[in-house]
Amino acid sequence: MATFTERMAPILAFWLSICLSGTLAVERANFKTCDQSAFCKRQRALTPGESPYRALLETMELTSTRLTLQLKNDKNKVRLLLELYRLQGNITRVKINELKPLKPRYEVPDVLIREPPTEPLSLLSQDENGVVLSLGAESQRVIVSARPFRLDIMEGRHVLLSLNSRGLLAFEHLRPRKDTQADPDAEDSDQEDEAILEEKDEDGMWDEMFKSFSDSKPNGPTSVGLDFSLPGVEHVYGIPEHADSLRLKTTENGDPYRLYNLDVFQYELHNPMALYGSVPVMLAHNAQRTTGIFWLNAAETWVDISSNTSGKTVFGKMLDYVQGSSETPQTDVRWFSESGIIDIFIMLGPTPKDVFSQYASLTGTQAFPPMAALAYHQCRWNYNDQEDVQAVDAGFDEHDIPYDFIWLDIEHTDGKRYFTWDFSKFPTPKEMLQGLMDKKRKMVTIVDPHIKVDSNYKIHNEIKSRGFYTKTKDGSDYEGWCWPGSAGYPDFSHPDMRDWWASMFAFDQYEGTMENLYTWNDMNEPSVFNGPEITMHKDAKHGDWEHRDLHNLYAFYVQMATAEGLVQRSGGVERPFVLTRGFFAGSQRYGAVWTGDNAAEWGHLQISIPMCLSLGLVGISFCGADVGGFFKSPSSELLVRWYQTGAYQPFFRAHAHLDTPRREPWLFGPENTALIREAVRQRYSLLPYWYQQFYHTYRTGHPVMRPLWVEYPQDPATFAMEDEFLIGRDLLVHPVTEEGATGVTAYLPGKDELWFDVHTFQKYDGGQNLYIPVTISSIPVFQRGGSIIPRKLRVRRSSSCMEHDPYTVFVALSRQKTAEGELFIDDGHTFNFGNNQFIHRRLSFANNQLSSVNLSPEAHFLTQSTIERVVILGARKPTKATLRTADGQTNQLEFDFDASTSVLTLRKPGMNAGTDWTVILQ
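Quick caveat: nothing in here was measured; it's all calculated off a predicted structure. (Residues numbered from 1 in each chain as written. Predicted model: local features only at pLDDT ≥ 70, side-chain atom pairs only at ≥ 80, totals over all residues. Heavy atoms only, no water.)

### Side note on the overall build of the protein chain
Broken down by element type, the protein chain carries 16 helices and 52 strands. Over its C-alpha trace the protein chain gives a radius of gyration of 29 Å, about what one expects of a compact globule, namely 29 Å for 922 residues. For the protein chain, the spread of C-alpha atoms along the principal axes amounts to about 90 × 75 × 55 Å. Split into buried and exposed, the 922 residues of the protein chain put 62% on the buried side. (Helix = DSSP H or I, 4+ residues; strand = E, 2+ residues; numbered from the N terminus. Rg over C-alpha atoms; globule rule 2.2 N^0.38 Å. Buried < 20%, exposed > 50% of the residue type's maximum accessible area, 1.4 Å probe, protein only.)

Structure (structure tokens):
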């Protein structure tokens, strides 16, 4: 009989042939449609308006913090328990579970940063038709209607959101299989002596086939679903990850959006297929309000979207207006998951930033990355050996292009055994790392969560002996096929496994590592080449739970354990950097993500913008796309444009497939090298602003890269815009993403705003579409009038080399001749900022005075950096400029004034960046 390895070799060969070809698109037949997913098909077959559920008001119990009542399905007599909480920060939580399930149903752990604190609920009224509860502020209340069950959240006379308004609540209860002997006590559920009615079994309830794969479904049908109605809403966003538009589309004529972490080879654009990560959070926005829905379920999930305005042309909407149509726009959303319970958080805003803060209060904020992680990263699959690494490193110096990280993919290991080196290619890894450290540079190596089954491999032996592998449904260690061949998959849902994994990053465990080595978790969906949909079998076991219950959490746990390992190895001192491909709600706490295996095509460059914007809206700000495209080979024009775009996205990494020609920045001729160099240098000069934005998102949850509507929520022109974006609130970027473009049209928002071209300093009015002629060197970027942005213009070979360099402060004046900004400084890499070791200053301009004041008097940190230049845009020419420092000293400053651009430059003021000072213009 052939061995397992011999039987699986053709599968690996086939997979490699696909990956190495770089010419095929996604094989859609490998991935389910809704019709091929039994629970999705069942849920979608329900008819609106025929809800069998009613609320049993006589069962209602109300405490100061919680409402509970039972819901009864009049068709099958099953009872559910509804819990409703009012949470701090204008959030309402609704949980629905079986009243008395045969066994516990999975409830997602570890994603919430704490049990959310509650606020008092109070009863306003009650009759036989329902109850009305007060939600406190703003005349907000919840109306629970009894027959059929429906829940409405109101503010004044306006419905903000409704649950089960279309009657599509569906909760498949746990039941014994008919062809097995039932537990005699199971049917006697003690629900007022009312027997649960037997229901007809349908195909796919107790077992399901997809292609040649069998899913045993020992618990039977367990799916849950619920509909939400959003009156007055036409625009919804979020639920990443999909290669689709920023504004979510209606799904009535196709598949729903799918949330199921999958290894999708060279994904297609503009469709709702699942990709590598899943964040079940949706934002709804109109000019009056922003709200959010967080569906806390880690099983396979689908989201249907419908709208009463979809399909209407602009003319049709105008006709409605002229004819006085009273139809209010409405978006209806329906969520359904394969297992678990219904656990939803309704974030009531009312502003976009309120929703971001509300979600952050539940799942945490973006981890504050080391400064170097915000700089440029150079990667490919794979740099061949130590000499190759040294040659690439030297090439950046030779061509005067800065970079901070060089990356090694799977080929650096000993036969795809992670936590090892191929010593024939990397004989002295510490010497290699020391060479990088001497230049203040760093390295990332890949550590994937599939472990080669090899009795001579320490990592495998340890995991096996400790019983830490995920199990099959029969209790043996689950094995699948991935890069090493036969591989085991650690059960990262187990805290002891995560603790052990973290310990493996210690310098005395991970041989050849140093403090300037960081980590990349790939293939952690998890990817199983010979599994259903190229992932793990759903009936695999994680302790008492099936993989189906927690599939979308697997990558979250891998990154969590890895980040903790990097923190532990430094004794809790150093901030980690971990990149992950798979993710879930809360993954922002552990590092960065990227958009996966994209291609060197213009469409993939364009889609990187809405993909990262969508992630930022749901808490994951540290996002980027492989510059140049992972698959295929970019033209020189595409590569240049991608560098220019990537330089203004949060995570800035070039990466390429091993089968593509080398594409280091200097390999496309001196003209293109110069263009790429300039784009990278622009990134480095803005690192103080990027770092400040990441500190802000760490504190607040507000996205770093954000759609225009976040800052201009009442401007409908911004609601569907996805070809330009804001960094913070003060930089607007409109990358050039069309082949052969000779111009772009940028929308400058805010009719009362001014915008300044950061390259020419030309001033423009807001509230207009601006046509901008472009050449291959153009990167259209604008600074908002009324803002102050610090930069470092002495660009060196790495960000660490620039630590003590001086700042240039760019002041862009508003129409009122005022401006504000911030400057944040710490050591750039440790957690010491959490112990008040930082500088946080407000920079402000008003009444012809520019001043720096301390925003955090309790904090203390010393910096060697000074202010070497102040550039004021939209200024008037003064007669003199005086610097007054904190000790009362005054100095006259030299200045230049360009009347053609109204730019005033104050030269060599020289004050320390961490002190109080004022510049007075007369």
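### Focus: the sheet that holds strand 34 (residues 705-706)
In spatial order, the strands read 34-35-36-41-38-39; together these six strands make up an open sheet with antiparallel pairing. Whereas interior strands pair on both sides, the edge strands pair on one side only; in this sheet they are strand 34 and strand 39 (763-765). As defined by bridge partners, strand 36 (residues 731-733) adjoins strand 41 (residues 781-784) across three bridges and the pair is classed as antiparallel. Among the inter-strand pairings, Leu732 is bridged to a residue of strand 41, identified as Phe782. (Pairing = 2+ DSSP bridges.)

### A few points about the environment of Glu894
Position of Glu894 relative to the elements: it lies in strand 50 (residues 894-898). Residues Glu894 and Asn97, 797 residues apart in the sequence, show an inter-C-alpha distance of 71 Å. Contacts of Glu894, omitting those with residues within four sequence positions, involve Thr905, Leu906 and Arg907. Of the polar contacts made by the side chain of Glu894, one reaches the side chain of Arg907; its length is 2.9 Å. (Contact = heavy atoms within 4.5 Å. Polar contact = N/O pair within 3.5 Å; in protein donor to acceptor, adjacent residues only side chain to side chain.)

### Brief notes about empty space enclosed by the protein
Overall, the coordinates contain seven cavities of 30 Å³ or more when judged by the stated rule. Around the second largest cavity sit 15 residues that line it, and Lys32, Phe210, Asp215, Pro532 and Lys538 are the ones nearest its centre. When residues of the lining of the second largest cavity are traced back to their parent elements, those giving at least two are strand 11 (208-210) and strand 12 (213-215). Here the residues of the lining of the second largest cavity sort into six nonpolar, three polar and six charged. (1 Å grid on protein atoms, 1.4 Å probe; cavity = no way out; pocket = protein on both sides within 12 Å on 5 of 7 lines; lining within 4 Å. Points joined across faces, edges and corners; volume = space filled by probe spheres on them. Nonpolar A, V, L, I, M, F, W, Y, C, P; charged D, E, K, R; others polar.)

### Let's talk about the sheet that holds strand 48 (residues 881-885)
Ordered by their spatial adjacency, 11 strands build an open sheet running 49-48-52-46-45-44-42-43-47-51-50, and the pairing between neighbours is mixed. Strands at the two margins of the open sheet, each flanked by one partner only, are strand 49 (890-892) and strand 50. Strand-to-strand twist of the sheet, defined as the mean angle between neighbouring strand axes without regard to direction, takes the value 20 degrees. By the bridge criterion, six bridges tie strand 43 (residues 807-812) to strand 47 (residues 867-873) in an arrangement that is parallel. Counted as the bridge partner of Thr808 is Arg869 from strand 47. (Axes fitted to C-alpha atoms, helices over the stretch in contact; angles between N-to-C directions.)

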